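Chain by chain, the residues:
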Amino acid sequence: MNLLSFSGQLVYAVLVLFFFIFVLFNLVEKEYRALRRSLAVFLFLVILPVLFYLFLSSTLVLFFVVILILIIIFMLIIFLSPTPKGQLQIVSDQARIDERDIIFARFDLKENSPEYNAYYQNRPEYKAGDDQIRQLPDLFEPQHIQKDPVLMSLGDAEFEFLEHQMTIVNGEIGREKIIRSEEDNNHMIRSILRYLGSDDCGICRLDSSDVYSHVGRGPEKYGSEVKNTHKYGISFIIKMDFDMIRHAPRPPVIVETAKQYVEAAKISVILAAFIRRLGYSARANIAGSNYQTLMVPCAWKAGLGEMGRMGILIHPRFGPSIRIGLVTTDLPLITNKPIVFGVQDFCKKCQKCANNCPAEAVPKGDKIKENGVLKWVIKREKCYKYWRKVGTDCSTCIFVCPYSKPDNLFHNMVRNLATNFSAAQSLFVWADDFFYGKKPDIRKKPHPFQK
Ligand code: SF4
Ligand code: SF4
């Protein structure tokens, strides 16, 4: 009995230590609701045995034995639960997507221009809904700028900078081809991307369905056929500053989005130019928009993450709080494979993005088939309409997602357990709501550049 009680005291001490560490992390991360609740649990755990000692001292041994049994049962439930195995399913052939159908391309059309008239003649199903959204001010129009002139002007300046990069995504190829092995090229590209500021990268083989069929935006002729026969896509990500994303849907999010788009553009333009100097064709794809290629599917194929309920890529360390960059090329490379770390199963249990989406654009139900892929599909028009209402790219779904928690020891341990045990996923879905709130608090500060 004494040995059991001693073991109980030890595991109880570990439990108390766990909550003490959680309190410290919440303090550092300024997660005040989670701080209050974790502190309450910690104090309760400290006081409980003291109360037993003072008022029920004869049962103190039994108390620790019961604790030991409960914790063993709890551990068995977690560690004997199956590993989440859900994967994104490609169920049929995928057609090439016409960039002119992308929502941003539709809203770039000047009303009553020949392109506008021709487009809606071909696609009458979008006309009424799109024209309704057109009644709302665009993202950087004065009505939105005046709400927060400092931040909105900063975001606008960042996007203007991006516009200037669009014509330097391609260029002359060096005459002399530098021949190296695929392994050496992979190592070189990974190291250079890390050096230039990317947080992770991967390589995929480009299928024709990864490339848009016709130009919808950017400097190339609207409606012209996209001709990109590159074999490989080098995808990379840049993490966003979660402190900025915690202001969602207010202006700091669009400043942060644009900042990381600028970073991604800088890296991809340099990387593409570098590869061309080695004698191989390469083209950068940058936001704003100069994409020839579908960014999220390429990043998924390159093993950078899984597609979540909110329809964007979830990275194993940074969650959806990332921006993606891409260079397509003929440089010989070795490709990566898609990764699985439990997101499909987690998203089935968690509906936080759907429950917090102010536009009700994130589906609460099952996946549906879209262009050959079984996935959760957001209502893009509803989402974009909300962007135009608030004047930012909203990002509430990114902010509330449990996978967006900072990349540190504590949250990585949680992510690791969620990857390997389905019972841990159920526990963390509940714990995220309990500690951080079903509707997490947005940052109260007006904006980060104020005194
Ligand atoms: S960005 Fe905002 S409106 Fe769009 S899906 Fe996410 S939460 Fe909903
Ligand atoms: S909030 Fe939940 S359901 Fe939505 S993407 Fe993140 S984990 Fe999945």
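The rules behind each value
- Residues numbered from 1 in each chain as written.
- Chains lettered and ligands numbered in written order.
- Predicted model: local features only at pLDDT ≥ 70, side-chain atom pairs only at ≥ 80, totals over all residues.
- Heavy atoms only, no water.
- Near = heavy atom within 4 Å.
- Nonpolar A, V, L, I, M, F, W, Y, C, P; charged D, E, K, R; others polar.
- Axes fitted to C-alpha atoms, helices over the stretch in contact; angles between N-to-C directions.
- Helix = DSSP H or I, 4+ residues; strand = E, 2+ residues; numbered from the N terminus.
- Parallel < 35°, antiparallel > 145°, perpendicular 65-115°, else oblique.
- Contact = heavy atoms within 4.5 Å.
- Pairing = 2+ DSSP bridges.
- Buried < 20%, exposed > 50% of the residue type's maximum accessible area, 1.4 Å probe, protein only.

Novice: Summarise the site of ligand 1; cite the residues concerned and give the values.
Specialist: The full set of residues close to ligand 1 is Cys357, Pro358, Ala359, Val362, Cys383, Trp387, Cys394, Ser395, Thr396 and Cys397. Here the shell around ligand 1 is composed, by residue class, of eight nonpolar, two polar and no charged.

Novice: An account of the packing of helix H5 (residues 114–122) against helix H6 (residues 124–134) is requested, with residue identities and associated values reported.
Specialist: Where H5 meets H6, the axes come as close as 6 Å, and the angle between the chain directions of the two elements is 130°. Overall, the two elements H5 and H6 adopt an arrangement that is oblique. Contacts from Tyr116, Tyr119, Tyr120, Gln121 and Asn122 of H5 reach H6 at Pro124, Glu125, Tyr126, Lys127, Asp130, Asp131 and Arg134.

Novice: Before we move on, could you go through the sheet that holds strand E8 (residues 368–370) and cite the residues and values that matter?
Specialist: By way of backbone hydrogen bonds, the strands of a sheet pair with one another, either parallel or antiparallel. Strand order in the open sheet made by the three strands is E1-E9-E8, with antiparallel pairing throughout. Taken across any chain shown, the strands that pair with only one partner, and hence form the sheet edges, are strand E1 (89–90) and E8.

Novice: Can you lay out the site of ligand 2 for me, pointing to particular residues and giving the numbers?
Specialist: Taken together, Arg309, Met310, Ile314, Phe346, Cys347, Cys350, Lys352, Cys353, Cys401, Pro402 and Tyr403 make up the full set of residues adjacent to ligand 2. Those elements that provide at least two residues to the shell around ligand 2 are helix H13 (343–349) and helix H14 (352–356).

Novice: Lay out the side chain of Gln425 in plain terms, naming residues and giving numbers.
Specialist: Within the secondary structure, Gln425 is located in helix H18 (residues 422–436). Relative accessible area serves as the criterion here: at 0%, Gln425 is assigned to the buried category. Setting aside chain neighbours within four positions, we find Gln425 in contact with Pro84, Gly342, Asp345, Phe346, Lys349 and Ala418.

Novice: Tell me what's going on with the sheet that holds strand E3 (residues 232–239), and back it up with residues and numbers.
Specialist: The antiparallel open sheet is built from four strands, whose spatial order is E2-E3-E7-E4. At either margin of the open sheet sits one strand with a lone partner, and together these are strand E2 (200–205) and strand E4 (282–285). Going across the sheet, the axis of each strand differs from the next one's by a mean of 20°, ignoring polarity. Contacting E2 and E3, helix H9 (residues 182–196) crosses the sheet at an angle of about 140° to E2. On the sheet, helix H11 (residues 252–277) packs against E3, E4 and strand E7 (322–329) and is oriented at approximately 20° with respect to E7.

Purely spatial values, then, with no claim about function.
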